[in-house]
Amino acid sequence: MHIDETEKRWVWITIIMTAIMVGVLTAYAVGSNVHPPSGFEPIDSTRLHVEGEFMEENLGVKTNPDGSITLTMVAARYGFYPSSIEVPVNTPVKIRIASADVLHGVHVPFTNYTTMVVPGYVAEVNTEFQKTGDFSLLCNEYCGLGHDHMWSRLKVVEKSGS
Ligand code: CUA
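Note that the coordinates shown come from a computational prediction; the quantities given were computed from them, not determined experimentally.

Rules used throughout
- Residues numbered from 1 in each chain as written.
- Predicted model: local features only at pLDDT ≥ 70, side-chain atom pairs only at ≥ 80, totals over all residues.
- Heavy atoms only, no water.
- Salt bridge = Lys/Arg side-chain N within 4 Å of Asp/Glu carboxyl O.
- Helix = DSSP H or I, 4+ residues; strand = E, 2+ residues; numbered from the N terminus.
- Buried < 20%, exposed > 50% of the residue type's maximum accessible area, 1.4 Å probe, protein only.
- Patch = residues over 30% accessible without salt bridge, like charges linked within 9 Å, V, L, I, M, F, W, Y side chains within 5 Å.
- Areas by Shrake-Rupley, 256 points an atom, 1.4 Å probe, with all protein chains shown as cover.
- Phe/Tyr/Trp six-rings, centres within 6.5 Å; stacked < 30°, edge-to-face > 60°.

Chemist: Hey, could you run me through the pattern of salt bridges in this one?
Modeler: Side chains that differ in sign of charge can pair as their charged atoms come close. By the definition in use, this model includes 7 salt bridges. Linking Asp 134 and Lys 155 is a salt bridge whose minimum nitrogen-to-oxygen distance equals 3.4 Å. Placement of Asp 134 in strand β9 (residues 133-138) and of Lys 155 in strand β10 (residues 151-157) is noted, with a sequence separation of 21 residues between them. Judged by its relative accessible area of 52%, Asp 134 falls in the exposed class. With relative accessibility at 37%, the residue Lys 155 sits in the partly exposed group. Among the charged side chains, a salt-bridge network with shared partners connects Glu 41, Glu 53, Lys 94, Arg 96 and Glu 124.

Below, the structure is given as structure tokens:
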């Protein structure tokens with residue numbers, strides 16, 4: 001089979017370009033430790049309000065013995081509960097959130113807190129807020145007609161005693 005020289009050259013150029021792009025992506029992913037979420041924690045989303053960690057009285061901010069914070073939340077059409085949260089700055093925060101109905105997302109602009117909240121699973125994010133101030137917790141997955149109005153307040157305050 002005869003392949004024209006120009007065509008052969010371009011086949012090689014394409015292969016080399018693809019190899020470079022895959023190489024750059026792989027190096028970036030390995031170098032910056034990018035990986036898909038590894039936790040796998042199923043939960044019965046229809047029973048969140050009936051029992052366990054995500055019942056209304058168990059939601060909110062808890063301070064652990066080591067000084068870190070656990071923040072437990074529920075996402076449901078169309079809000080995040082509790083709707084107003086206060087956490088200390090520069091403190092490790094473990095955020096655990098579950099959906100009571102459909103797929104939601106949480107995004108807090110100007111921080112690295114962002115996750116999907118898939119019904120049937122607990123979404124967990126470990127972070128530390130670096131700046132004090134008022135932030136908005138926004139839903140970033142379309143979840144229905146009220147999606148635009150699904151948000152709540154996050155206040156990052158000075159550590160008590162400092
Ligand atoms: Cu919840 Cu969009």
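Chemist: Explanation requested: a nonpolar patch on the surface in the structure shown.
Modeler: Where nonpolar side chains cluster on the molecular surface, the patch consists of Val 11, Trp 12, Ile 15, Ile 16, Ile 20 and Val 24 and spans about 610 Å² of accessible area. Considering the arrangement of structural elements, one finds Ile 16 in helix α1 (residues 5-31).

Chemist: Got a minute to help me understand the packing of aromatic side chains in this structure?
Modeler: Here the distance between the centres and the angle between the planes together describe a pair of aromatic rings. Under the counting rule described, the total for this entry stands at 1 aromatic pair. Pairing Phe 40 with Tyr 121 gives two aromatic rings, centres 5.6 Å apart and planes at 55 degrees, and the pair type is tilted. In this pair, Phe 40 is assigned in the loop between α1 and β1 (60-63) and Tyr 121 in the loop between β7 (114-117) and β8 (122-128), connecting sequence segments 81 residues apart. Accessibility expressed as a relative area gives 63% for Phe 40, which makes it exposed. The class of Tyr 121 is partly exposed, set by a relative accessible area of 35%.

Function cannot be inferred from these measures alone, as they are strictly geometric.
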